[in-house]
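Chain by chain, the residues:
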Amino acid sequence: GENVEQHPSTLSVQEGDSAVIKCTYSDSASNYFPWYKQELGKGPQLIIDIRSNVGEKKDQRIAVTLNKTAKHFSLHITETQPEDSAVYFCAAPAPISSGSARQLTFGSGTQLTVLP
Amino acid sequence: NAGVTQTPKFQVLKTGQSMTLQCAQDMNHEYMSWYRQDPGMGLRLIHYSVGAGITDQGEVPNGYNVSRSTTEDFPLRLLSAAPSQTSVYFCASSSSGTHYGYTFGSGTRLTVV
């Protein structure tokens, strides 16, 4: 199936600094790459996504970049705030060959801590 | 608009017991999925459904059954609980129009002793 690798597993930044989380994927046919934020005790929530026909997408302080050639995509958070502290997951659709109707395969998660 | 509702929020089972985790959505979404979340392993797909009456296996289906008799409900059954099934379980739904725009429930934390 799709192999989605996510790094780093933990990330600590000072408030106001930027944070970058990277993911790589294996299926060159993948065309959709979402990022989810999971706060303690809650389910993951979609925060931004990108399709393979664009290289970058921004939404206020968050952005996602995609490099199709290298098969990796990244989440960028600028001007971090304590409320950005959470676990972040990247994901990509499972390959058609996996038989999973393109359900999402998730990375292992990044625990982001923003220090005040 | 409740979104995706999971019950119960917490459950402790003894090895060998069976139980059903409930999931309901009120968004008329066609797609529903069950994931389990374990430390350091992200979210792994257990079973999914692309519409009422249609279900299929995901990455880690052993020990679990599902059914989809209505669009709204997608229960997950543990047939004979094992300690390896201790995990946090999430149900998610999405519409066919935005296939990947998952809405997740708040999860069920299951402990098998």
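Caption draft 1: Layout of the nonpolar core. All names here are of chain A. Phe33, Trp35, Phe73, Leu75, Ile77, Tyr88 and Leu112 are the most contacted members of the largest nonpolar core, which totals 23 residues. Of all elements in the fold, only β2 (10–14), β3 (19–24), β4 (32–38), β5 (45–51), β7 (62–67), β8 (72–77), β9 (86–93) and β11 (110–115) reach the threshold of two or more residues within this core. The biggest single contributor to this core is β9, with four residues. If near-sequence neighbours (up to four positions away) are discounted, Ile77 is found in contact with Asp17, Ser18, Ala19, Arg61, Ile62, Asp84, Tyr88 and Leu112.

Caption draft 2: Broad picture of the sheet that holds strand β1 (residues 4–7) of chain B. Residue and element names in this part refer to chain B. The strand order β1-β3-β8-β7 describes an open sheet built from four strands, whose pairing is antiparallel. Whereas interior strands pair on both sides, the edge strands pair on one side only; in this sheet they are β1 and β7 (64–66). Between one strand axis and the next, the sheet turns by 20 degrees as a mean value, whatever way the strands run. Here four bridges tie β1 to strand β3 (residues 19–25), and the two strands are oriented antiparallel to one another. Bridge pairing in β3 links Thr7 to Gln22.

Caption draft 3: Seen up close, the interface of chain A and chain B. At the junction of the two partners, chain A supplies 21 residues and chain B supplies 21 residues. Of the roughly 1600 Å² buried where chain A meets chain B, counting both sides, 56% is carbon and sulfur surface. On the chain A side of the contact with chain B, Pro44, Gln103 and Phe106 of chain A bury the most area, a combined 33% of that side's loss. Scanning the region where chain A abuts chain B turns up six residue pairs in polar contact (both at pLDDT 80 or more). Of all elements in the fold, only β4, β5, β9 and β10 (104–106) of chain A reach the threshold of two or more residues within the side of chain A that touches chain B. The leading source of residues in the side of chain A that touches chain B is β4 of chain A, at three residues. Grouping the constituent residues of the side of chain A that touches chain B by class yields nine nonpolar, nine polar and three charged.

Caption draft 4: Highlighting the state of the cysteines. Counted by the stated rule, this structure contains two disulfides over all chains. Shown here is the disulfide that connects Cys23 of chain A with Cys90 of chain A, its sulfur atoms set 1.9 Å apart. Classification of the bridge connecting Cys23 of chain A and Cys90 of chain A rests on its S-S torsion, roughly -95 degrees, and on that basis the disulfide is left-handed. Of this pair, Cys23 of chain A sits in strand β3 while Cys90 of chain A sits in strand β9, and the two are 67 residues apart along the sequence. What makes Cys23 of chain A buried here is its relative accessible area of 1%. What pairs with Cys23 of chain B in a disulfide is Cys91 of chain B, and their sulfur atoms sit 1.9 Å apart. The S-S bond linking Cys23 of chain B to Cys91 of chain B shows a torsion near -70 degrees; that makes this disulfide left-handed. In this pair, Cys23 of chain B sits in strand β3 while Cys91 of chain B sits in strand β9 (residues 87–94), placing the two residues 68 residues apart along the sequence. In terms of burial, Cys23 of chain B and Cys91 of chain B fall into one category: buried.

Caption draft 5: Fine view of the pairing of β7 of chain A. Residues and elements named next belong to chain A. Relative to β7, strand β6 (residues 56–59) runs antiparallel, the two sharing four bridges. By the bridge assignment for β7, Lys57 is matched with Val64. Between the antiparallel neighbours β6 and β7 lie two residues, among them Gln60 with a positive phi of about 60 degrees. Between β7 and the antiparallel strand that follows it, β8, lie four residues; Lys71 among them carries a positive phi value of about 55 degrees.

Caption draft 6: Quick look at the sheet that holds strand β1 (residues 5–7) of chain A. Residues and elements named next belong to chain A. Taken in spatial order, the five strands line up as β1-β3-β8-β7-β6 in an open sheet, and their pairing is antiparallel. Of all the strands in the sheet, just β1 and β6 have a single pairing partner and so form its edges. Averaged over neighbouring strand pairs, the angle between their axes works out to 15 degrees when direction is ignored. Taken together, the six bridges between β7 and β8 define a ladder with antiparallel strand orientation. When the bridges of β8 are listed, Leu66 appears paired with Phe73.

The rules behind each value
- Residues numbered from 1 in each chain as written.
- Chains lettered and ligands numbered in written order.
- Predicted model: local features only at pLDDT ≥ 70, side-chain atom pairs only at ≥ 80, totals over all residues.
- Heavy atoms only, no water.
- Core = buried A, V, L, I, M, F, W, Y, C linked by side-chain atoms within 4.5 Å.
- Buried < 20%, exposed > 50% of the residue type's maximum accessible area, 1.4 Å probe, protein only.
- Helix = DSSP H or I, 4+ residues; strand = E, 2+ residues; numbered from the N terminus.
- Contact = heavy atoms within 4.5 Å.
- Pairing = 2+ DSSP bridges.
- Axes fitted to C-alpha atoms, helices over the stretch in contact; angles between N-to-C directions.
- Buried area = accessible area lost by both parts, 1.4 Å probe.
- Polar contact = N/O pair within 3.5 Å; in protein donor to acceptor, adjacent residues only side chain to side chain.
- Nonpolar A, V, L, I, M, F, W, Y, C, P; charged D, E, K, R; others polar.
- Disulfide = S-S within 2.5 Å.

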